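As a plain string of letters, each chain reads:
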Amino acid sequence: MKPDTTAPHVHGLFDPATWTVTYVVHHGPGTACAIIDPVLDYDPKAGRTSHTSAEKVIDYVQSNHLKVAWILETHAHADHLSAAPYLKARLGGRLAIGSHITDVQKVFKGIFNLEPGFKLDGSQFDHLFKDGETFAVGELEGEVLYVPGHTPACVAYRIGDAVFVGDTLFMPDVGTARCDFPGGDAKTLYASTRKLLSLPPQTRLFMCHDYPPNHRAVRFETTVAEQRAHNIHVHDGVSEAAFVAMRTQRDATLEMPVLILPSVQINIRAGQLPPAEDNGTTYLKIPINVL
């Protein structure tokens, strides 16, 4: 795909409970749009879901008279549940993720001992993207960039001059994603960051999360040039060996995300809840001494 200088409208909705940004990308009022990484609100103490965050997305889409073409997941998130099925039911669109989601499904079906009928072919999603595949959001052209390392299935989406990087990169003063989840790999992540940072310097990069240090305001947009100059983990001049050593040492000190157990179980199902049991109630599992 040739470089695209089209500058789509990008509307980010920040969820402070999970530090997650959901994006709506379009070419102006009345056009097609893509929704990227939508959040389903979840109270881990009560085990209850709600749709406050999703309703904000719906309000924006409807107030701008947008038609949803795609609901895109950058990966099977470990820090929030996906609201994709709720938004699809309300707004339409095709739900898609990278094709390597099947690798993640295989790992976690074993970890959670999921029901025999749980499919490992990604068919819970409407479409599985391959690396380099292109897609349309109305008049906007998108491209899929395979960027594993944080998970084996991470992808970024390039739409015009904007790239939605998932968890591969954070803002320059935060750095990069952890690599100690099942299937993660620091060497692979380094290669993925260089793939993103080889894009034209003016390319806009949009983060899936922000964890502001030093009480700065939340930010989730940067550029390739800014990342190459200032990213604390992968600025120009950082070698693969230095990155792997730093990332491995740092990951060993990190706690598991609060919502990893419910999130992964839901997100490998394309946001659907597990099948209800014979009493009509849906349950999530907590594997003991496994992660």
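Small disclaimer: the values here were computed from a predicted structure and weren't measured. (Residues numbered from 1 in each chain as written. Predicted model: local features only at pLDDT ≥ 70, side-chain atom pairs only at ≥ 80, totals over all residues. Heavy atoms only, no water.)

Undergrad: Any chance you could explain the packing of helix H4 (residues 186-197) against helix H6 (residues 240-251) here in plain terms?
TA: Pairs of packed helices are described in terms of their axes, by the angle between the two and the distance that separates them. It is the contact of H4 with H6, at a shortest axis distance of 9 Å, that shows an interaxial angle of 125°. Accordingly, the angle class assigned to the pair H4 and H6 is oblique. Crossing geometry of H4 relative to H6 is assigned as right-handed. Where H4 abuts H6, its residues Ala-186, Lys-187, Leu-189 and Tyr-190 lie against Glu-240, Phe-243, Val-244, Arg-247 and Thr-248. Looking at the contact of H4 with H6 residue by residue, the classes come out as 5 nonpolar, 1 polar and 3 charged. (Axes fitted to C-alpha atoms, helices over the stretch in contact; angles between N-to-C directions. Helix = DSSP H or I, 4+ residues; strand = E, 2+ residues; numbered from the N terminus. Parallel < 35°, antiparallel > 145°, perpendicular 65-115°, else oblique. Left-handed = near helix turned anticlockwise from the far one by under 90°. Contact = heavy atoms within 4.5 Å. Nonpolar A, V, L, I, M, F, W, Y, C, P; charged D, E, K, R; others polar.)

Undergrad: Can you walk me through a nonpolar patch on the surface in this structure?
TA: Residues Met-256, Val-290 and Leu-291 make up a contiguous nonpolar surface patch of about 250 Å² in total accessible area. Topologically, Val-290 is positioned in the segment after helix H7 (260-267). Here Val-290 falls in the partly exposed class, since its relative accessible area comes to 45%. (Patch = residues over 30% accessible without salt bridge, like charges linked within 9 Å, V, L, I, M, F, W, Y side chains within 5 Å. Areas by Shrake-Rupley, 256 points an atom, 1.4 Å probe, with all protein chains shown as cover. Salt bridge = Lys/Arg side-chain N within 4 Å of Asp/Glu carboxyl O. Buried < 20%, exposed > 50% of the residue type's maximum accessible area, 1.4 Å probe, protein only.)

Undergrad: Got a minute to help me understand the packing of aromatic side chains in this structure?
TA: Aromatic rings in a pair are described by how distant their centres are and how their planes are angled relative to each other. According to the stated counting rule, one finds 14 aromatic pairs in the structure shown. On the basis of an interplanar angle of 45° and a centroid distance of 5.3 Å, the ring pair of Trp-70 and Phe-129 is categorised as tilted. Placement of Trp-70 in strand S6 (residues 67-72) and of Phe-129 in strand S9 (residues 127-129) is noted, with a sequence separation of 59 residues between them. Each member of the pair, Trp-70 as well as Phe-129, carries the same accessibility label: buried. Ring geometry for Phe-108 and Phe-112: centres 6.0 Å apart, planes at 25°, overall stacked. Of the two residues, Phe-108 and Phe-112 both sit in helix H3 (residues 101-112), 4 residues apart, roughly one turn of that helix. The pair formed by Phe-108 and Phe-112 is uniform in burial state, with each residue classed as buried. By the ring-pair criterion, three or more aromatic residues cluster together here, those being Phe-14, Trp-19, Phe-170 and Tyr-211. (Phe/Tyr/Trp six-rings, centres within 6.5 Å; stacked < 30°, edge-to-face > 60°.)

Undergrad: I tried to follow the environment of Asp-15 on my own but got confused; where do I start?
TA: Mapped onto the elements, Asp-15 comes out in strand S1 (residues 9-15). Counting along the chain gives 252 residues from Asp-15 to Asn-267, while the straight-line C-alpha distance between them is 17 Å. Excluding its chain neighbours within four sequence positions, the residues that come into contact with Asp-15 are Thr-20, Val-39, Asp-41 and Ser-53.

Undergrad: Is there a simple way to think about the layout of surface pockets in this case?
TA: Gaps left between atoms are located by rolling a probe of water-molecule size over the structure's atoms. There is about 650 Å³ of room inside the largest pocket. Considered class by class, the residues forming the lining of the largest pocket number 14 nonpolar, 4 polar and 7 charged. A volume near 360 Å³ is recorded for the second largest pocket. Taken together, 18 residues form the lining of the second largest pocket, with Tyr-42, Gly-47, Pro-262, Tyr-283 and Leu-284 sitting closest to its centre. If one sorts the elements of the lining of the second largest pocket by residue count, H7 sits on top with 5 residues. (1 Å grid on protein atoms, 1.4 Å probe; cavity = no way out; pocket = protein on both sides within 12 Å on 5 of 7 lines; lining within 4 Å. Points joined across faces, edges and corners; volume = space filled by probe spheres on them.)

Undergrad: Explanation requested: the environment of Phe-118 in the structure shown.
TA: Looking at the element boundaries, Phe-118 is found in the loop between H3 and S9. What makes Phe-118 buried here is its relative accessible area of 5%. Residue contacts for Phe-118: discarding those within four places in its chain leaves Gln-105, Lys-109, Gln-124, Ile-268 and Arg-269.

Undergrad: Just to check I follow, could you spell out the side chain of Thr-222 for this structure?
TA: One can find Thr-222 in strand S15 (residues 221-223). Judged by relative accessible area, Thr-222 falls into the buried class, the value being 2%. Looking at Thr-222, its side chain comes within polar contact range of the side chain of Glu-226, at 2.6 Å. Setting aside residues no more than four positions away along its own chain, Thr-222 makes contact with Met-171, Pro-172, Thr-203, Arg-204, Leu-205, Met-207 and Gln-227. (Polar contact = N/O pair within 3.5 Å; in protein donor to acceptor, adjacent residues only side chain to side chain.)

Undergrad: What is the right way to read helix H1 (residues 52-63) from this model?
TA: Structurally, the α-helix is built with 3.6 residues per turn, so residues lying three or four positions apart point the same way. An ideal rise of 1.5 Å per residue puts 16 Å on 12 residues; H1 measures up with 16 Å between its terminal C-alpha atoms. Looking at H1, one finds that the buried residues are Ser-53, Ala-54, Val-57, Ile-58, Tyr-60 and Val-61. For H1, the angular spread of buried residues about the axis comes to 165°, placing them on one side. Taken together, the buried residues of H1 touch S1, strand S2 (20-26), strand S3 (32-36), strand S4 (39-43), S6 and helix H2 (84-91). Directly beyond the C-terminal end of H1, a positive phi value near 55° is found at His-65. (Expected span 1.5 Å × (residues − 1). Arc of directions from axis to C-beta.)

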